[in-house]
Amino acid sequence: MIKQTSQILRDKFNDDIPDSVDGLCSLPGVGPKMAYLAMNVAWNKVAGIGVDTHVHRISNRLGWVKRPTKQPEGTRKALEEWLPTELWGEINKLLVGFGQQTCQPVRPKCDSCLNQSICPFGRKQTGKKAS
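Here the structure is a predicted model, which is why all the values come from computation and not from measurement.

(A) Representation of the environment of Lys-3 in the model. Examined against the element boundaries, Lys-3 turns out to sit in helix α1 (residues 2–12). With relative accessibility at 75%, the residue Lys-3 sits in the exposed group. Taking the C-alpha atoms as reference, Lys-3 lies 19 Å from Ala-38; in sequence the two are 35 residues apart.

Structure representation (structure tokens):
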């Protein structure tokens, strides 16, 4: 895959990476999450939210999506409907660390989470009421 991607970058993109989400997604192994993150980092363009498993899980737990989403791409679309564009570039960084340390997929640390009072999932886990 690396050799194939290198050849595509040489032949189609003048030895650089594409400067569009569509161009990045045309590369083998590159999906929307990586394309949006690359656009932000490589080109300083915020074209969308890079939604990985952490952003997907936490957004659903916090109720940031109108209806629970099954896939990260659905979560991305739901978040982009209401989250101000100026926050799109930083939401991934914030939620990934939080998801790795506190809001883990198995045995989340709801008892010590600072978001417990605003988190429907955390309140259910701890048996506490909304404040």
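(B) Structural context of the pattern of salt bridges. For the structure on display, the rule yields 4 salt bridges. For Lys-66, the salt bridge identified is with Glu-81, shortest N-O distance 3.9 Å. Taken as a pair, Lys-66 in the loop between α4 (53–62) and α5 (72–82) and Glu-81 in helix α5 lie far apart in primary sequence, 15 residues in all. Assigned by exposure class, Lys-66 and Glu-81 land together as exposed. The closest approach of N and O atoms between Arg-76 and Glu-73, which form a salt bridge, is 2.5 Å. Here Arg-76 pairs with Glu-73, and both are found in helix α5, just 3 residues apart, close to one helical turn.

(C) Here's a closer look at the packing of α4 against helix α6 (residues 88–101). At a minimum axis distance of 8 Å, the contact between α4 and α6 shows a crossing angle of 85°. Between α4 and α6, the angle is such that the two are roughly perpendicular. Between α4 and α6, the residues in contact are His-54, Val-55, Arg-57, Ile-58 and Ser-59 and Asn-92, Leu-95, Val-96, Phe-98, Gly-99 and Gln-100, respectively. Residues of the contact of α4 with α6, tallied by class, amount to 5 nonpolar, 5 polar and 1 charged.

(D) Molecular detail of the nonpolar core. Ile-49, Ile-58, Leu-95 and Phe-98 are the most contacted members of the largest nonpolar core, which has 14 residues in total. Elements represented by at least two residues in this core include exactly α4 and α6. It is α6 that contributes the most residues to this core, 4 residues altogether. Those residues within four positions of Ile-58 in sequence are excluded, and the remaining contacts are Leu-95, Phe-98, Gly-99 and Cys-103. Membership of the second largest hydrophobic core comes to 9 residues, among which are Ile-8, Leu-9, Leu-27 and Ala-35.

Rules used throughout
- Residues numbered from 1 in each chain as written.
- Predicted model: local features only at pLDDT ≥ 70, side-chain atom pairs only at ≥ 80, totals over all residues.
- Heavy atoms only, no water.
- Helix = DSSP H or I, 4+ residues; strand = E, 2+ residues; numbered from the N terminus.
- Buried < 20%, exposed > 50% of the residue type's maximum accessible area, 1.4 Å probe, protein only.
- Salt bridge = Lys/Arg side-chain N within 4 Å of Asp/Glu carboxyl O.
- Axes fitted to C-alpha atoms, helices over the stretch in contact; angles between N-to-C directions.
- Parallel < 35°, antiparallel > 145°, perpendicular 65-115°, else oblique.
- Contact = heavy atoms within 4.5 Å.
- Nonpolar A, V, L, I, M, F, W, Y, C, P; charged D, E, K, R; others polar.
- Core = buried A, V, L, I, M, F, W, Y, C linked by side-chain atoms within 4.5 Å.

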